[in-house]
Amino acid sequence: MRISRELVDQIVAHARGDLPNECCGMIGGVDGDARTVYPARNEFASPYSFRIQTDDQLRILHKDMPSRGEELLAIYHSHTKTPAYPSQTDLNEAEHWPEPMYIIVSFEDPSAPDVKGFWLKEKKIAEAELVVA
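Computed from a predicted model, the values in this text were never measured in an experiment. Think of each chain on its own: its residues are numbered from 1, step by step along the sequence as written. Local features in a predicted model are, by the rule used here, given only for residues with pLDDT of at least 70; side-chain atom pairs are given and counted only at 80 or more, and totals for whole chains, interfaces and linings are based on all residues. The side-chain values count all of the structure's non-hydrogen atoms but skip hydrogen atoms and water molecules.

Looking at this structure, how should I read the pairing of strand β4 (residues 71–79)?
Two faces make up the sheet, and in a regular strand the side chains alternate between them. With 7 of 9 residues buried, β4 lies mostly within the body of the structure. Strands were regarded as paired on the criterion that DSSP finds at least two bridges between them. Only runs of H or I of at least four residues qualify as helices and only runs of E of at least two qualify as strands under DSSP, and these elements are numbered from the N terminus. Note that strand β2 (residues 24–30) and β4 share 6 bridges and pair antiparallel. Along β4, the bridge assignment pairs Gly28 with Leu72. Where β4 and strand β5 (residues 101–106) come together, 6 bridges link them in parallel fashion. Paired with Tyr76 across the two strands is Ile103, which belongs to β5. Each residue is placed in one exposure class: buried if its accessible area under a 1.4 Å probe, protein chains only, is under 20% of its type's maximum, exposed if it is over 50%, and partly exposed if it falls in between.

Would you explain the pairing of strand β6 (residues 114–121) in this entry?
Bridging between β5 and β6 involves 5 bridges; their strand directions are antiparallel. From the neighbouring strand, Tyr102 faces β6, where its bridge partner is Phe118. In this sheet, strand β7 (residues 124–128) lies alongside β6 in antiparallel orientation, the contact comprising 5 bridges. Of the residues in β7, the one forming a bridge with Phe118 is Glu127. In this antiparallel pair of consecutive strands, β6 and β7, the connection spans 2 residues, and Glu122 shows a positive phi of 50°.

Looking at this model, I keep getting lost on the environment of Leu61. Mind explaining?
By the element assignment, Leu61 lies in helix α2 (residues 54–67). Sequence separation between Leu61 and Gly28 is 33 residues; the distance between their C-alpha atoms is 9.0 Å. Every residue pair with non-hydrogen atoms within 4.5 Å of one another is taken to be in contact. Apart from the residues within four sequence positions on either side, Leu61 is in contact with Met26, Pro66, Leu72 and Trp97.

Got a minute to help me understand the packing of aromatic side chains in this structure?
Any pair of aromatic rings gets described here by the distance separating the centres and the angle formed by the planes. When the centres of two rings from Phe, Tyr and Trp lie within 6.5 Å, Trp using its six-membered ring, the rings pair. Their planes under 30 degrees apart give stacked, over 60 give edge-to-face, and anything left gives tilted. On inspection of all chains with the given rule, the structure shows 1 aromatic pair. With centroids separated by 5.5 Å and ring planes inclined at 85°, the aromatic side chains of Tyr85 and Phe118 adopt a geometry described as edge-to-face. With a gap of 33 residues between them, Tyr85 in the loop between β4 and α3 (88–93) and Phe118 in strand β6 connect regions that are remote in the sequence.

Which parts of the structure should I look at to understand the nonpolar core?
It is characteristic of soluble globular proteins that their nonpolar side chains tend to be buried jointly. Ranked by size, the top nonpolar core spans 20 residues in total, and within it Met1, Ile3, Ile27 and Ile103 carry the most contacts. When residues of this core are traced back to their parent elements, those giving at least two are α1 (5–18), β3 (33–40), β4 and β5. In terms of residue count, α1 provides more of this core than any other element does, 5 residues in total. Only buried Ala, Val, Leu, Ile, Met, Phe, Trp, Tyr and Cys residues count toward a nonpolar core, and they belong to the same one when joined by side-chain atoms within 4.5 Å. Core analysis: the second largest hydrophobic core is formed by 16 residues, Met26, Phe50, Ile52 and Ala94 among them.

Would you mind going over the state of the cysteines with me for this structure?
Note: disulfide means a covalent bond formed between the sulfur atoms of two cysteine side chains. Cysteine sulfur atoms are paired as a disulfide whenever they fall within 2.5 Å. Per the stated rule, a full pass over the model turns up 0 disulfides. Not engaged in a disulfide, the cysteine Cys23 finds its nearest cysteine sulfur in Cys24; these two sulfurs lie 6.6 Å apart. Of the residues examined, Cys23 reaches a relative accessible area of 0% and is grouped as buried.

Just to check I follow, could you spell out the pattern of salt bridges for this structure?
Between side chains of opposite charge, pairing is possible as soon as their charged atoms come close. Each reported salt bridge corresponds to a side-chain nitrogen of Lys or Arg within 4 Å of a carboxyl oxygen of Asp or Glu. Scanning all chains against the criterion turns up 10 salt bridges. Arg41 is the salt-bridge partner of Asp55, the closest N and O atoms lying 2.9 Å from each other. Of this pair, Asp55 sits in helix α2 while Arg41 sits in the loop between β3 and α2, placing them 14 residues apart in sequence. The network of salt bridges with common partners includes Arg41, Asp55, Asp56, Arg59 and Asp64.

Is there a simple way to think about α1 in this case?
Two residues of an α-helix separated by three or four positions point the same way, owing to the 3.6 residues in each turn. If you check α1, its first and last C-alpha atoms are 20 Å apart, about what 14 residues at 1.5 Å a residue would give, namely 20 Å. Regarding α1, the residues found buried are Leu7, Val8, Ile11, Val12, His14 and Ala15. Within α1, the buried residues cover an arc of 155° as seen down the axis, which keeps them to one side. Among the exposed residues of α1, those pointing more than 90 degrees away from its buried face are Glu6 and Gly17. Helix span is expected to be 1.5 Å times the residue number reduced by one. To obtain the arc, one takes the directions from the helix axis to the C-beta atoms.

Okay, structure coming up:
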């Protein structure tokens, strides 16, 4: 997926703003080009796990993205104290959403947030190419 530095900065700002809890949201775009970050509310309001609030999910997927001619490219969330690597919970939850890329923002080092992308399919983790331009 190709994503601009501006969009990555928006994701990091959302993650920082939701501390001490994990943030979450979706990224829409066309043909692998990210165009829009859609921040959402974390239903769990927890520093250890996330679930995109159902009404946010429905609005983003059925109103916001279609109105811009976008498709779901990625789901993002933050890790407040652990590396930018999927947890077992992330892997389990991804079974419900196997197609999008998963982007994780880590605040393990709060002064240098780490952003990485992954494919989470069939209980397997593969690092994804995240081209930041």
